[in-house]
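Analysis of the macromolecular model
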Amino acid sequence: MDNTIQRPENNIRTIIIASSAGTLIEWYDMFLAIILATSLSVNLFPADGSSHFLETLAVVASSFMFRPIGSLIFGSIGDKVGRKYSFLLSLILMGASTFLIGCIPNFSSIGWAAPILLLVCRLMQGLAISGEYAGAVIYVAEHAPTNKRGFYTGFIQATVPIGLLVCLIVIFITRSSMSEADFNSFGWRIPFLLSSILVMLSYFVRKKLHESPVFEELKKAGKTSKAPVKEAFTTKGNVKTMLKAIFGGNAAQSSVMQTSLFVTLFFMQRAVKLEDTTVLLITGVVTFFSAYFYQYFGALSDKIGRKKVLICGLVSSLILIPISFYLFMQIGNPGGLTEVHPISTAAKLKIMGVSFLLSVAGAATYGPLGAFMLEIFPTKIRYTSMGFAQNIGNGFIGGATTFVTEFIKTSFVVSTAIAPFIGLVYPIFLVFLAIVVNILFIKETYKTDLTDEENIETENSHISTENLSEV
């Protein structure tokens, strides 16, 4: 009788669906407060004649500021206990905080406790997403064969536009089903409350998954880190590697994504003065058609390398960001109108085309980034190191783009012609810096064996890697 204990197998299709679904939901939760910042400013801040939009953006951006701390907490759990447990916990925390935002009473009911509660919930979201993304990418990658790592992790990268698209659809349907007054009064809460259903479904799917084979082999060999946070900062050369990851990709990628999505959205609403429904339609259509390219560029990086794809995306973004915003204004408001106005179908299509090109450039920077990030760090401290670098760059630096661009616009006195565009200096600077860092300091990683440094024999034969048609 064969008494060999068989390690539980994870079907790659199930892995991708479960990991992507959870990450998609968490991006949905994260984006809701950004898109509904105007509604939050009206309901959760005092009605004293000021818009409180900048203050709301500051609170919303606080979640990005807090993410580096969360990455150390969840990274430590992921490197010591397991990848699966870390992103299950982050999913629950994210869902709870989003649901609670929808329950916060108005400022008229509880005063300054309202924006304080919003801040607390956003900080919880920052903690949660810091553990979610890194865990999902690592979990998928540690199941994938080397030559398809970008291909499979590309599905996780694609959850950003899909999560945003779901978010836009839910908001659009909710807004369309009631009057503007009702939406501003209570309807804005519905998208936040609906999130709890999606989170519960994703939790039960993820709970059935087994631990990643790379981590299991590391644990079996007794080589897991006893102090991941300490080792992440004391392992020779690891801090330098984290800095390369932050300034060579993460900060710029996040800033490009924020610019192509939310800075664009706010610019069309507040500077071009387009109707909200028009802006949501343009953003939704562009997001839908650009979603495919996130996974495409991840797969392309398996063939030609992460660095080539990333640099192409960065250079394209550097060129397209200033051109795109100039064209948004020229097409959407050539007469310099100061009130909200409709535009023709032809103008909508032109703006969609310009926005689409910028979004594809953003997809090229983000598509290969997940695989690139995990390939440069050792297995035993991968979760902590990748999570911290990703959340400093993507969260703290790049994640502040919507707030910083708005702050620059309202704080610096420049000519009327330049005023709407002055905030773009922030993402342009980060992109330029990333190009320099990539060219001078970063080596190619796409052929890296994730277990080389640990000398672990990983049996990929236990992992079913069906054809993409089955995913």
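Residues numbered from 1 in each chain as written. Predicted model: local features only at pLDDT ≥ 70, side-chain atom pairs only at ≥ 80, totals over all residues. Heavy atoms only, no water.

Where nonpolar side chains cluster on the molecular surface, the patch consists of I190, L194, I197 and L201 and spans about 350 Å² of accessible area. One can find I190 in helix 10 (residues 189–207). (Patch = residues over 30% accessible without salt bridge, like charges linked within 9 Å, V, L, I, M, F, W, Y side chains within 5 Å. Areas by Shrake-Rupley, 256 points an atom, 1.4 Å probe, with all protein chains shown as cover. Salt bridge = Lys/Arg side-chain N within 4 Å of Asp/Glu carboxyl O. Helix = DSSP H or I, 4+ residues; strand = E, 2+ residues; numbered from the N terminus.)

In this section: helix 13 (residues 238–270). Two residues of an α-helix separated by three or four positions point the same way, owing to the 3.6 residues in each turn. The sharpest bend along helix 13 comes to roughly 45°, located at T259. The element helix 13 is extensively covered by neighbouring structure, given that 27 of its 33 residues are classed as buried. (Bend = angle between axes of the 7 residues up to and from the residue. Buried < 20%, exposed > 50% of the residue type's maximum accessible area, 1.4 Å probe, protein only.)

This paragraph deals with the state of the cysteines. Put plainly, a disulfide is one covalent bond tying together the sulfur atoms of two cysteines. Counting across every chain of the model gives zero disulfides. Sulfur of C167: no disulfide; nearest cysteine sulfur belongs to C121 and is 16 Å away. A residue is classified by how much of its surface remains accessible, and C167, at 0% relative accessible area, is buried. (Disulfide = S-S within 2.5 Å.)

Closest axis-to-axis distance for the helix 1 (residues 12–35)/helix 8 (residues 159–176) pair is 8 Å, and the angle between their directions is 55°. Relative to helix 8, helix 1 is oriented oblique. Regarding helix 1 and helix 8, the two cross each other, and that crossing is right-handed. Taken together, the residues of helix 8 that come into contact with helix 1 (itself represented by S20, T23, L24, W27, Y28, F31, L32 and I35) are T159, V160, I162, G163, L164, V166, C167, L168, V170 and I171. Residues belonging to the contact of helix 1 with helix 8 are distributed by class as follows: 14 nonpolar, four polar and no charged. (Axes fitted to C-alpha atoms, helices over the stretch in contact; angles between N-to-C directions. Parallel < 35°, antiparallel > 145°, perpendicular 65-115°, else oblique. Left-handed = near helix turned anticlockwise from the far one by under 90°. Contact = heavy atoms within 4.5 Å. Nonpolar A, V, L, I, M, F, W, Y, C, P; charged D, E, K, R; others polar.)

The next thing to look at is the packing of aromatic side chains. For the structure shown, the criterion picks out 20 aromatic pairs. Pairing F107 with W112 gives two aromatic rings, centres 5.2 Å apart and planes at 90°, and the pair type is edge-to-face. Given the relative accessible area of 17%, F107 is considered buried. W112 gets classed as exposed once you look at its relative accessible area, which sits at 52%. Feature note: the residues Y292, F293, Y296, F297 and F356 constitute an aromatic cluster, connected by ring pairs. Over the ring of F53 we find R270; its NZ or CZ atom is 3.9 Å from the centre of that ring. (Phe/Tyr/Trp six-rings, centres within 6.5 Å; stacked < 30°, edge-to-face > 60°. Lys NZ or Arg CZ within 6 Å of the ring centre and 35° of its normal.)

For K273, which is not a glycine, the phi torsion comes out positive at approximately 65°. Relative to the elements of secondary structure, K273 occurs in the loop between helix 13 and helix 14 (276–304). A relative accessible area of 24% means that K273 is categorised as partly exposed.

Below, the discussion takes up the pattern of salt bridges. Scanning all chains against the criterion turns up seven salt bridges. With a closest N to O distance of 3.7 Å, E406 and R270 form a salt bridge. Here the residue E406 occupies a position in helix 19 (residues 401–411), and R270 occupies one in helix 13, the gap between them amounting to 136 residues. Residue classification places E406 among the buried residues on the basis of a relative accessible area of 9%. For R270, a relative accessible area of 34% corresponds to the partly exposed category.

Time to look at the confidence of the model for the chain. Taken over all residues, the pLDDT of the chain has a mean of 85, while the share at 70 or more is 93%. Below a pLDDT of 50 lies the segment residues 1–8, which in the model reaches six contacts outside its immediate sequence neighbourhood of four places, other chains included. Across residues 454–471, confidence stays below pLDDT 50; counting only partners more than four residues off in sequence or on other chains, it has 34 contacts. (pLDDT = per-residue confidence, 0-100.)

Moving on: helix 19. When we look at burial in helix 19, the residues that qualify are T401, T402, V404, T405, E406 and I408. Turning to helix 19, the residues buried within the fold contact helix 3 (53–80), helix 13, helix 18 (382–397) and helix 20 (425–441).

To characterise two packed helices, one gives the angle between the axes of the helices and the distance between these axes. Contact geometry for helix 3 and helix 18: axes closest at 8 Å, N-to-C directions at 170°. Our classification of the angle between helix 3 and helix 18 gives roughly antiparallel. Facing F64, M65, R67, P68, S71, L72, F74, G75, S76, G78 and D79 of helix 3, the residues of helix 18 in contact are R382, Y383, T384, G387, F388, Q390, N391, I392, N394, G395 and F396. Looking at the contact of helix 3 with helix 18 residue by residue, the classes come out as nine nonpolar, ten polar and three charged.

Structurally, H341 can be placed in the loop between helix 15 (306–332) and helix 16 (345–366). Judged by relative accessible area, H341 falls into the buried class, the value being 9%. Engagement of the side chain of H341 in a polar contact is seen with the backbone oxygen of G332, the distance being 2.8 Å. Residue contacts for H341: discarding those within four places in its chain leaves V272, K273, L274, E275, G332 and N333. (Polar contact = N/O pair within 3.5 Å; in protein donor to acceptor, adjacent residues only side chain to side chain.)

Bringing the side chain of T365 into the picture now. Topologically, T365 is positioned in helix 16. Of the polar contacts made by the side chain of T365, one reaches the backbone oxygen of G362; its length is 2.7 Å. For T365, the contacting residues outside a window of four places in its chain are Q253, L310, G313, L314 and S317.

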